Amino acid sequence: MARRAGLLVGYGASSATTAWRAGRVLRAAVVAFFDGYHCFSPVSAILALPFSAAVLASQAMAPSSSTLRGASSRLREMFHAAGFPPSSFFALLNGKLSQTLFTFAATLPFALTFLLLAKACVAAVLAAPAPDAPRRRRMSLPRAAAVARAYPALLATHLFNSFVMLSANAAVFSLLFLGFGAADLLGFTSHASTLALSAAGAIAYSVAVGVATVVCNLALVVAAMERGVAGHGALLRACVLIRGSVPTALALALPTNLGMAAAEALFQLRVVSQRRKAGRLAPGLAGEAFSVAYIHALCVVLEIIVSCMFYRSCCKRTEADELRELEPEEKGDLKA
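Residue numbers run consecutively from 1 along every chain, following the written order of its sequence. Only residues with pLDDT of 70 or above have their local features reported here, since the model is predicted, and side-chain atom pairs are shown and tallied only from 80 upward, although totals for entire chains, interfaces and linings are computed over all residues. By convention in this description, side-chain values take in all heavy atoms of the structure and omit both hydrogens and water.

(A) Geometry of the pattern of salt bridges. Any Lys or Arg side-chain nitrogen located within 4 Å of an Asp or Glu carboxyl oxygen qualifies as a salt bridge. In the structure shown here, the tally under the stated rule is two salt bridges. Among the ionic pairs, Glu 226 bridges to Arg 237, the shortest N-O distance being 3.1 Å. With a gap of 11 residues between them, Glu 226 in the loop between helix 6 (191-225) and helix 7 (232-241) and Arg 237 in helix 7 connect regions that are remote in the sequence. Residue Arg 237 is classed as partly exposed on the basis of its relative accessible area of 29%. Salt-bridge contacts for Arg 270 lead to Glu 288; the nearest nitrogen and oxygen are separated by 2.7 Å. One end of the pair, Arg 270, is in helix 8 (residues 246-278); the other, Glu 288, is in helix 9 (residues 283-335), and 18 residues separate them in sequence. The numbering of helices and of strands both runs from the N terminus, where a helix is a DSSP run of H or I of at least 4 residues and a strand a run of E of at least 2. The classification of residues rests on relative accessible area computed with a 1.4 Å probe and restricted to protein chains. Under 20% of the type maximum is buried, over 50% is exposed, and intermediate values are partly exposed.

Below, the structure written as structure tokens:
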């Protein structure tokens, strides 16, 4: 009983520490956003806005796209050939995966250019300023040479991250295939068993994809912040930095992703539905579409700032851990 109480206390302390660290990083990101708004607003309007407009436009075109319907039917056939039972989980997964693939393919040119340039600009703005500079004058727009120097590393890391995300999805589907195959061999084919396995599969898929996403985002920040690190090197460095901080990274990813999801839902409600009713895009509706796209772009820039602040927090924690590990050895040498 005492052991169980100790475990509960330890879990509560760990959750409180995660929430405290996430709140501290998020607060620092918001402060940096407002302190450098004169730098981040041009980045949002010039670089992040085309990417956000492409995302919103692709989601608006998705329901009437023959490519999306073809991808959905191919995924459905693949699930059926793999032996997955027909359930609401796999129907929802099929719809989300096909929409994600369509959005990824439609926005890939904008992600490889505008989004990566925005990440490079934000990382350069948040680079360590001169310590004697006034706080309000520390942040300034970076030079084009600095952005161009960081872009190849970001491009290589982004392409490698795409391969990692594909591998993570394939690994989870392989585990699901083994799980449902084993359940079929053991005779667990009832509706309750299928529902339980589907719920476990949904949790496993969400955790795996969420962890892979936050690690890949941190790898992009590493490639932008550290010279000579790109591709698999940036991903390995991100895995070292994020060790022990995965719950904090997931907690930090939630607010900005909710903001972008809210902007996408607002675009569907205020622009797409109104255009379908009117049959044309009125000037007032076009202005509203631009406003929603700019809000989405601001959320994209804020997500990059949060990732950069989380990178700084991980670097400080790693340095503190290394010093803490070296202290006993140094004390032992002094005693000797």
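(B) Region of interest: the nonpolar core. To define a nonpolar core, start from buried Ala, Val, Leu, Ile, Met, Phe, Trp, Tyr and Cys residues and group those joined through side-chain atoms within 4.5 Å. If you look at the biggest cluster of nonpolar residues, it comprises 71 residues, and the most contacted ones within it are Phe 40, Val 122, Leu 126, Ile 305 and Phe 310. Counting residues per element, the ones that place at least two in this core are helix 1 (2-35), helix 2 (37-61), helix 4 (88-125), helix 5 (144-186), helix 6, helix 7, helix 8 and helix 9. When residues of this core are assigned to their parent elements, the largest contribution, 18 residues, is made by helix 9. Between two residues, a contact is recorded if the distance between any of their heavy atoms is within 4.5 Å. Apart from the residues lying within four places of it in its own chain, the contact partners of Ile 305 are Ala 29, Ala 32, Phe 33, Phe 40, Val 122 and Leu 126.

(C) Examining the layout of surface pockets more closely. Grid points spaced at 1 Å over the protein atoms alone were grouped into cavities, where a 1.4 Å probe fits but cannot get out, and pockets, open sets with protein on both sides within 12 Å along at least five of seven lines, with lining residues defined by an atom within 4 Å of a point. Grid points are joined across faces, edges and corners, and a volume is the space filled by probe spheres set on the points. Taken as a whole, the second largest pocket spans an internal volume of roughly 370 Å³. Lining the second largest pocket are Trp 20, Arg 21, Arg 24, Val 25, Ala 28, Met 309, Arg 312, Ser 313, Lys 316 and Arg 317. Those elements giving two or more residues to the lining of the second largest pocket turn out to be helix 1 and helix 9. Of the residues assigned to the lining of the second largest pocket, the class counts are four nonpolar, one polar and five charged. Throughout, the ten residues Ala, Val, Leu, Ile, Met, Phe, Trp, Tyr, Cys and Pro are labelled nonpolar, Asp, Glu, Lys and Arg are labelled charged, and all others, Gly among them, are labelled polar.

(D) Representation of empty space enclosed by the protein in the model. In this structure the tally under the stated criterion is three cavities of 30 Å³ or more. Put simply, the largest cavity is a space of about 150 Å³. Along its surface, the largest cavity is lined by Val 214, Asn 217, Leu 218, Ala 249, Leu 252, Ala 253, Thr 256, Asn 257, Glu 303, Val 306, Ser 307 and Phe 310. If you list the elements that add at least two residues to the lining of the largest cavity, you get helix 6, helix 8 and helix 9. Ranked by residues supplied to the lining of the largest cavity, first place goes to helix 8 with five residues. Taken together, the residues of the lining of the largest cavity break down into seven nonpolar, four polar and one charged. The volume enclosed by the second largest cavity comes to roughly 50 Å³.

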